[in-house]
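A look at the structure
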Amino acid sequence: MTRTVGILALQGGFEAHTKILRALGAEPREVRVPADIEGLDALIIPGGESTVMTLGIDREGLGEPLRALAGSGVPVLGTCAGMIMLDRDHLGVLDIRTSRNAFGRQLRSFEAEIELAGVQGGPVHAVFIRAPWVAEHGDGVEVLAMVDGHPVAVRQGRLLAVAFHPELAGETRLHQLLLGMNGAGRPTGVDGS
Ligand code: GLN
């Protein structure tokens with residue numbers, strides 16, 4: 001059965017995600033208003049600008065429906081600003097605190113090959129653009145990858161967040177991981193699988 005994957009499309013880079021999802025056989029759906037969330041099998045919150053995205057979410061009344069979706073066990077992938085949106089201070093669904101633009105001025109944008117726990121087939125090519133890192137996380141959060149001693153990829157049950165842009169490097173394995181999380185479309189079990 002084809003999975004419908006929402007991509008929050010208020011602002012930021014959602015096009016590249018759309019292409020990857022199509023290539024993986026999923027049906028992308030741009031999410032702009034609460035009705036777009038109905039019946040989604042997974043959701044991606046892309047990169048962009050978290051302050052602008054926050055304003056858009058408030059303006060469209062998307063906060064509650066997005067929280068409900070994540071809380072219902074539907075898999076969610078947040079990339080870069082999307083990671084920020086999932087944190088304690090924004091949508092409050094992922095038990096992390098992020099530090100925005102954390103890599104400093106001289107390293108605002110860079111690319112790296114990083115080993116990501118749970119992703120087979122060699123390192124992930126990661127594009128960091130004014131990226132955040134995870135400054136604090138709760139016990140239920142699994143750190144999947146670090147850069148310079150700071151978590152840049154985390155998972156909590158079916159919520160996955162990365163500080164970088166996998167989609168800009170044509171990296172598809174995080175999208176595959178997302179699609180693989182909801183095999184039967186049912187809420188997560190106690191093991192978070
Ligand atoms: N610096 C941006 C923010 O704080 C995130 C950048 C990105 O998504 N590439 O929202």
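Residues numbered from 1 in each chain as written. Predicted model: local features only at pLDDT ≥ 70, side-chain atom pairs only at ≥ 80, totals over all residues. Heavy atoms only, no water.

Each helix and strand counted, the protein chain has five helices and 11 strands in total. Relative to its length of 193 residues, the protein chain is compact, with a C-alpha radius of gyration of 15 Å against a globular reference of 16 Å. The principal-axis extents of the C-alpha atoms in the protein chain amount to approximately 40 × 40 × 35 Å. Burial statistics for the protein chain: of 193 residues in total, 50% are counted as buried. Sequence separation of 24 or more characterises 66% of the internal contacts of the protein chain that already satisfy a separation of 6 or more. Total accessible area on the protein chain is roughly 8,600 Å²; 49% of this is exposed by carbon and sulfur atoms. Taking the average location of the 17 positive side-chain charges in the protein chain and that of its 23 negative ones, the two points are 3 Å from each other. (Helix = DSSP H or I, 4+ residues; strand = E, 2+ residues; numbered from the N terminus. Rg over C-alpha atoms; globule rule 2.2 N^0.38 Å. Buried < 20%, exposed > 50% of the residue type's maximum accessible area, 1.4 Å probe, protein only. Contact = heavy atoms within 4.5 Å. Areas by Shrake-Rupley, 256 points an atom, 1.4 Å probe, with all protein chains shown as cover. Lys, Arg positive; Asp, Glu negative; His and termini not counted. Charge placed at Lys NZ, Arg CZ, Asp CG, Glu CD.)

In this section: the site of the ligand. If you check the shell around the ligand, you find Gly-47, Gly-48, Glu-49, Ser-50, Cys-80, Ala-81, Ile-84, Arg-100, Asn-101, Ile-129, Arg-130 and His-165 and nothing else. Between the ligand and Arg-100 there is a distance of 2.6 Å, counted from an oxygen atom to a side-chain nitrogen or oxygen. Contact with the protein chains removes 98% of the 300 Å² of surface that the ligand exposes when unbound. A breakdown of the residues in the shell around the ligand according to their chemical character gives four nonpolar, five polar and three charged. (Near = heavy atom within 4 Å. Polar contact = N/O pair within 3.5 Å; in protein donor to acceptor, adjacent residues only side chain to side chain. Nonpolar A, V, L, I, M, F, W, Y, C, P; charged D, E, K, R; others polar.)

So, about the pattern of salt bridges. Under the criterion given, the structure shown has eight salt bridges. Arg-59 is the partner of Glu-60 in a salt bridge, and the nearest nitrogen-oxygen pair spans 3.1 Å. The class for Glu-60 is partly exposed, based on a relative accessible area of 26%. The closest approach of N and O atoms between Arg-173 and Glu-171, which form a salt bridge, is 2.7 Å. Owing to a relative accessible area of 8%, Glu-171 belongs among the buried residues under this scheme. (Salt bridge = Lys/Arg side-chain N within 4 Å of Asp/Glu carboxyl O.)

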